[in-house]
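If you want the building blocks of each chain, they are given just below.
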Amino acid sequence: MNRNLHIFLTGQPAVGKTTIIKNILQDVKSNQCISTNLSIRGFYTEECREDQHEQEQQQQRRRRRRANSEKQSVTSTDTTDNNTNATNKIQTQERANRKATKPGGRRIGFDIVYFMEDDGSGTTSTQDHPPMVSLPKRQPLSRLSERPISKKCPHVGNYLVNIENVEKYAVPTLLRHKDAMVSNDGSLCQRNELVILDEVGKMELLCPAFLPAVNQLLDESLSENSHDVALKFRKRIVLGTLPTPRYGRVIPAVESIKKRNDVIVLHVTKSNRDELKCILLDTIGKWLTQEPKEEEKEQEKEGQEGCPVITHTLDRFLYHGGKDTFSSQTTPKNDVGKDDSSAGVGVHHGTFIQDVVLPCEPLYPNVNNNVHNTTAALVIPKVLVLGETASPQPSDKSYSYCERTMWTILGRIVGIDYSPIKNIHTATKDGLETFIRLKDKVLAKGICIWDVYATVHEDASTRTERSIVKRQKVTQQGARTNDIVDFLQKHPSIQKIVFIGKKAHASFVRHFSLPDTIVQHNISMVIVPSSSPANTKMTINEKVQEWKKALEEE
């Protein structure tokens, strides 16, 4: 029987993953039935916030510097007016600082809170078997940098990462030490193990030794090379957290852990976190205290392995996203928090954390849950609408392309009022249902949707100088394109290609040069005005008329 249980929590940033782990740790320690025979090690990460008094002093220093700077610029003729302006600017900045500051001070970084195997600081539960639970210790993981960070320095967004502390304090807690396997009397220790792994994130993965340690922890067997019957039935639980893909971005190292057969991934949301914590604690407690059955002992003697039995109450919390294969196309993005998987990462010798952006797959009738009414007649694809660069694939493919402004125009054509959804996690239920209805109605007309390039475009509000350079490179020869020719061959009923804007048409012509498929099937090509609000040459009503005319059957 498999004596290892690997449970990982995933969910959006600040949803409460670490809080669940801390609560479970506290409850496990207070439960004497469990903690008596339990060794706890591993680490979790916590926000480090600036002391309120220190923050106020910094704000005062900033105000004085700004006031002095303003006074130096004041001329003899307009001293009064300039002083007034300086005072107003200082007051405006003070209001902005108060608004940006959370209770307890602003966040200045993250700390590693780690547990080593018993170092003598644990409280004694019984004379023969004191619980191997050391007091948690804290070391810096990252700190906010007030100055621009060099690309050579390990960082995530605006946070400088201390990879030496990860290697020195976090990694050793994941590795099993031989000395910890020996009790005070010199006999082999028979305790169960609880290993905390919070989290397998971008900051930790910058350390080259971190991922190998995680894999070793998940691969090794607790009863490895042991011929002692008691040791064979010791149990280990690995309880960790994984970042959730955002905007189609995934971390290959994280996805490889999710795909393991011996890993259970649970999805944490604000609505289920309290219930999940209680059920998870109950499951862990029962699994640790349950004695192995006689048939399980026989299977162990014969070398047979099984999977740990998990209560069915956890089934509804299982995470089903992020299981898709990922491409090698990468696009960094600026960081907004530690476990935000869309954050930009400093290039470093830890090479396990490159962002992978999945492009949306083509939308066409009768597939990929595009048409929900299974009793409807088969819809024949007639028109292929092509944009230029791809949209990031959301965790739920049903909402692919939902952020595109083209749906506003398509909605007016089919009689549905729609506003693009920028983030499906914050979207309303009505907004999501409206998109599904609109998409189904558009696809039911035989309209297919895809893009010329397979490279995911950046949002205009978050596009950095580096991503602009990447976008320029995308238009050069050799850029990664979607296999549109193959798509047309598989759907010979398509008689028209509608390009969203002149750039999409120019990119298509540049890379495909009117393939034989288009000529043989007499496929016509039409350019419609860009649906972007930045295109102010035409009103929305004029765009609707042009699109409606282009999408009409000939």
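Quick note: structure is the one above.
First things first, this report covers the structure right here in the doc. (Residues numbered from 1 in each chain as written. Predicted model: local features only at pLDDT ≥ 70, side-chain atom pairs only at ≥ 80, totals over all residues. Heavy atoms only, no water.)

**Quick notes on the overall build of the protein**
Each helix and strand in the protein was counted, giving 18 helices and 15 strands. For the protein, with 554 residues in total, the buried portion stands at 49%. When the accessible area of the protein is evaluated, it comes to approximately 28200 Å², of which 49% is carbon and sulfur surface. (Helix = DSSP H or I, 4+ residues; strand = E, 2+ residues; numbered from the N terminus. Buried < 20%, exposed > 50% of the residue type's maximum accessible area, 1.4 Å probe, protein only. Areas by Shrake-Rupley, 256 points an atom, 1.4 Å probe, with all protein chains shown as cover.)

**As for the environment of Gly16**
Tracing the backbone shows Gly16 in the loop between strand S1 (4-11) and helix H1 (17-30). Of the residues examined, Gly16 reaches a relative accessible area of 15% and is grouped as buried.

**Brief notes about the pattern of salt bridges**
Inspection of every chain in the model, using the stated rule, returns 18 salt bridges. Across the pair Arg260 and Asp262 runs a salt bridge whose closest N-O atoms are separated by 2.9 Å. Exposure remark for Asp262: the relative accessible area of 26% places this residue in the partly exposed category. Shared partners join several salt bridges into a network, and the residues in it are Lys22, Glu46, Asp111, Arg138 and Arg143. (Salt bridge = Lys/Arg side-chain N within 4 Å of Asp/Glu carboxyl O.)

**Quick look at the nonpolar core**
One finds Leu384, Leu386, Trp407 and Ile449 to be the most contacted residues of the largest nonpolar core, which totals 48 residues. When residues of this core are traced back to their parent elements, those giving at least two are strand S12 (383-387), helix H12 (406-414), helix H13 (429-443), strand S13 (447-451), helix H15 (484-490), strand S14 (496-500), helix H16 (502-512) and helix H18 (540-551). Here the element with the most residues in this core is H13; it accounts for 6 residues. What Leu386 contacts, discounting residues up to four positions off in sequence, is Trp450, Asp451, Val452, Ile484, Ile497, Val498, Phe499, Ile500, Ala504 and Phe508. The next biggest cluster of nonpolar side chains, apart from the first, holds 37 residues, and it includes Phe110, Ile163, Leu217 and Tyr319. (Core = buried A, V, L, I, M, F, W, Y, C linked by side-chain atoms within 4.5 Å. Contact = heavy atoms within 4.5 Å.)

**Looking at the sheet that holds S1**
Strand pairing in a sheet takes place through backbone hydrogen bonds and is either antiparallel or parallel in direction. What the 9 strands build is an open sheet, ordered S5-S6-S4-S3-S2-S7-S8-S1-S10; its pairing is mixed. The sheet terminates laterally at strand S5 (155-156) and strand S10 (263-267), the two strands that pair on one side only. Summarising the sheet, strand S2 (residues 38-49) and strand S3 (residues 107-115) pair through 8 bridges and their orientation is antiparallel. From the neighbouring strand, Cys48 faces S3, where its bridge partner is Gly109. Contacts from H1 reach S1, S2, S3, strand S7 (192-197) and strand S8 (236-243), with the element oriented near 140 degrees to S2. Together, S1, S2, S7, S8 and S10 form the strand contacts of helix H10 (residues 273-289), whose direction differs from that of S8 by roughly 155 degrees. (Pairing = 2+ DSSP bridges. Axes fitted to C-alpha atoms, helices over the stretch in contact; angles between N-to-C directions.)

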